[in-house]
Amino acid sequence: MSNATYNGQWAGAMAELAEQVHLEDPTLEAEEGAPEPEPVRPTSIAQAFQHFACLYIKYLQIFRKLERCYDGMVHPQKRLAVLKVLELVMQRVVELKHSLVKYSPPPPVVQQDKSFPWEYVNLDSVLVDLKLPPETLEVPVPKYFREDSEQARKVRDKIVEGYMQVKHGVTEIPLESSDGQDTSGSIPLDKAIEIIQLNERGRQGKERATLVKVLREEEKRRKAYDAAHGGAELDQDVASIEIQRALRGLVARNRASRLRDRELIFLGMRPSITENVDREAQLKNAYIMRKQEQKDNKDAYERALEDMKEVVYNDEGPDMKRELEGERTEWLPGAILEE
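Residues numbered from 1 in each chain as written. Predicted model: local features only at pLDDT ≥ 70, side-chain atom pairs only at ≥ 80, totals over all residues. Heavy atoms only, no water.

S.K.: Mind laying out the overall build of the protein chain, listing which residues take part and the relevant values?
M.R.: Within the protein chain one finds nine helices and zero strands. Counted from the first residue to the last, the protein chain has its helices and strands arranged as α-α-α-α-α-α-α-α-α. The buried share of the protein chain, reckoned over its 339 residues, is 16%. Here the analysis covers contacts within the protein chain between residues at least 6 apart in sequence; of these, 67% occur between residues at least 24 apart. Carbon together with sulfur atoms contributes 56% to the accessible area of the protein chain, which is approximately 27500 Å² in total. (Helix = DSSP H or I, 4+ residues; strand = E, 2+ residues; numbered from the N terminus. Buried < 20%, exposed > 50% of the residue type's maximum accessible area, 1.4 Å probe, protein only. Contact = heavy atoms within 4.5 Å. Areas by Shrake-Rupley, 256 points an atom, 1.4 Å probe, with all protein chains shown as cover.)

S.K.: Go over the nonpolar core with me, naming the residues and quoting the values.
M.R.: Within the largest apolar cluster, 32 residues are counted, with the highest numbers of intra-cluster contacts made by Tyr56, Tyr59, Leu66, Leu86, Val89, Leu100 and Leu123. Mapped onto this core, the elements with two or more residues apiece are α1 (3-24), α2 (45-72), α3 (76-102) and α4 (124-130). Here this core takes 14 residues from α2, the largest share from any one element. The contact partners of Leu86, leaving out residues within four places of it in the chain, are Phe63, Leu66, Glu67, Tyr70 and Tyr144. (Core = buried A, V, L, I, M, F, W, Y, C linked by side-chain atoms within 4.5 Å.)

S.K.: Please give an account of a nonpolar patch on the surface that cites residues and values.
M.R.: Together, Met308, Val311, Val312 and Met320 make up an exposed nonpolar region whose accessible area comes to about 340 Å². By the secondary structure assignment, Met320 is in helix α9 (residues 279-338). Accessibility expressed as a relative area gives 45% for Met320, which makes it partly exposed. (Patch = residues over 30% accessible without salt bridge, like charges linked within 9 Å, V, L, I, M, F, W, Y side chains within 5 Å. Salt bridge = Lys/Arg side-chain N within 4 Å of Asp/Glu carboxyl O.)

S.K.: Explain the side chain of Asp71 to me, using residue names and the numbers behind them.
M.R.: Residue placement: Asp71 occurs in helix α2. A relative accessible area of 10% means that Asp71 is categorised as buried. If near-sequence neighbours (up to four positions away) are discounted, Asp71 is found in contact with Lys143, Glu147, Tyr287, Lys291 and Gln294.

S.K.: Break down α9 for me, citing the residues and quoting the values.
M.R.: By the largest-angle criterion, Glu316 marks the main kink of α9, which is about 55°, and a proline, Pro318, follows within four residues. Along α9, the residues that are buried comprise Arg290, Lys291, Gln294 and Ala335. For α9, the secondary structure elements touched by its buried residues are α1, α2, α3 and α5 (144-148). (Bend = angle between axes of the 7 residues up to and from the residue.)

S.K.: Could you give me a rundown of the packing of aromatic side chains, with the residues and numbers involved?
M.R.: This structure, assessed with the given rule, holds three aromatic pairs. Between Phe52 and Tyr103, the aromatic rings sit 5.5 Å apart at their centres with planes inclined by 15°, giving stacked as the arrangement. Of this pair, Phe52 sits in helix α2 while Tyr103 sits in the loop between α3 and α4; the two residues are 51 residues apart in sequence, bridging distant segments of the chain. Residue Phe52 is classed as buried on the basis of its relative accessible area of 17%. A relative accessible area of 28% means that Tyr103 is categorised as partly exposed. The interplanar angle of 75° and the centroid separation of 5.2 Å between the aromatic rings of Tyr70 and Tyr144 together place this pair among those described as edge-to-face. (Phe/Tyr/Trp six-rings, centres within 6.5 Å; stacked < 30°, edge-to-face > 60°.)

S.K.: Which residues make up a negative patch on the surface, and what values do they have?
M.R.: A cluster of acidic residues, Glu302, Glu306, Asp307 and Glu310, forms a negative patch at the surface. Tracing the chain through its elements places Glu306 in helix α9. Overall, the relative accessible area of 46% leaves Glu306 in the partly exposed class. (Lys, Arg positive; Asp, Glu negative; His and termini not counted. Charge placed at Lys NZ, Arg CZ, Asp CG, Glu CD.)

S.K.: Help me get a handle on the packing of α2 against α3, residues and values and all.
M.R.: Put simply, α2 and α3 touch, their axes get as near as 9 Å, and they point 155° apart. As far as their axial angle goes, α3 and α2 are roughly antiparallel. Between α2 and α3 lies a crossing of left-handed hand. Considered class by class, the residues forming the contact of α2 with α3 number 20 nonpolar, one polar and four charged. (Axes fitted to C-alpha atoms, helices over the stretch in contact; angles between N-to-C directions. Parallel < 35°, antiparallel > 145°, perpendicular 65-115°, else oblique. Left-handed = near helix turned anticlockwise from the far one by under 90°. Nonpolar A, V, L, I, M, F, W, Y, C, P; charged D, E, K, R; others polar.)

S.K.: A description of the pattern of salt bridges should follow, citing residues and the corresponding values.
M.R.: For the structure shown, the criterion picks out 14 salt bridges. Between Glu16 and Lys65 there is a salt bridge, with the nearest N and O atoms lying 2.7 Å from each other. On the criterion of sequence distance, the pair formed by Glu16 in helix α1 and Lys65 in helix α2 is long-range, its members being 49 residues apart. Accessibility expressed as a relative area gives 28% for Lys65, which makes it partly exposed. Across the pair Asp319 and Arg322 runs a salt bridge whose closest N-O atoms are separated by 2.2 Å.

S.K.: Go over α1 with me, naming the residues and quoting the values.
M.R.: Turn by turn, an α-helix covers 3.6 residues, leaving residues three or four places apart pointing in a common direction. In this model, α1 (22 residues) spans 32 Å end to end at C-alpha, consistent with the 32 Å of a helix rising 1.5 Å per residue. Looking only at α1, the buried set comprises Tyr6, Ala13, Glu16, Leu17 and Gln20. Projected onto a plane normal to the axis of α1, the buried residues spread over an arc of 105° and lie on a single side. Of the surrounding elements, those touching the buried residues of α1 are α2, α3 and α9. (Expected span 1.5 Å × (residues − 1). Arc of directions from axis to C-beta.)

S.K.: How would you summarise unusual backbone geometry if you had to cite specific residues and measurements?
M.R.: A positive phi angle, close to 60°, is found at Lys131, a residue other than glycine. Considering the arrangement of structural elements, one finds Lys131 in the loop between α4 and α5.

Here is the structure:
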């Protein structure tokens, strides 16, 4: 995606976040000097759970958008701003998850009026009310967790490989099965033949059923055609005219389809059929190039900060030093006189 797309997603996520903040704290919209409105608090466990469930789902959606923006943006200063908001949103998601556990309503089998703390909360009814798919509740792991610790992980792996080389003489040790079972996946020959025979019989049965269905449909169409034409044979000229009509219609439809596909390819609304291009490889290469651009921009930004510090130290440092010395020179006699 382009930079404008990520900027638009960032703006939309920030607008949704501001809306959520105002919903949680109505006092932010109150004017100065006006009486603060009393916050609306849930009166029962079910209402509290519904309230925190809606907030949890909304913050999850905002978190997913911000994570996508941070992963795709290449501007270093924008990424820093997005990262600050992203970390705050992640903290809020954890807080809301704790609130959901705290105010989780008891299951029907438990006869009690108080909450039933349970880590595995049920949000199916909330998703149905909001008309959202189950994938909404999936919490993605931010990609920058691995990217920021990549260098440390490489150092750790080298240290571990060095110790393994010293102690065991190898760089890796295969894991063994703890229960002693055979994990190779091999099965006895008789069992394999039985499975193959069973699958082959099923395949042949499906093919026979499909063939019978096709024959029955052809028989129905033939009977319907005979009933419509009275069962009489067509004249040779009439039959040839019907065949020509059907063939010309087929040729015209194929020509129209080719022209339509050519127009869509020309407009860029459909990929070219002749081009044998792997779209997945293109997307992967574009992602790698964007990541490299992110790294280059980050390095350039850090170098610019160091250069700016040097400029401030060399150009404005002497003036700041003289100003501070003058302030202390003026303050010292007054402090002595006061003593």
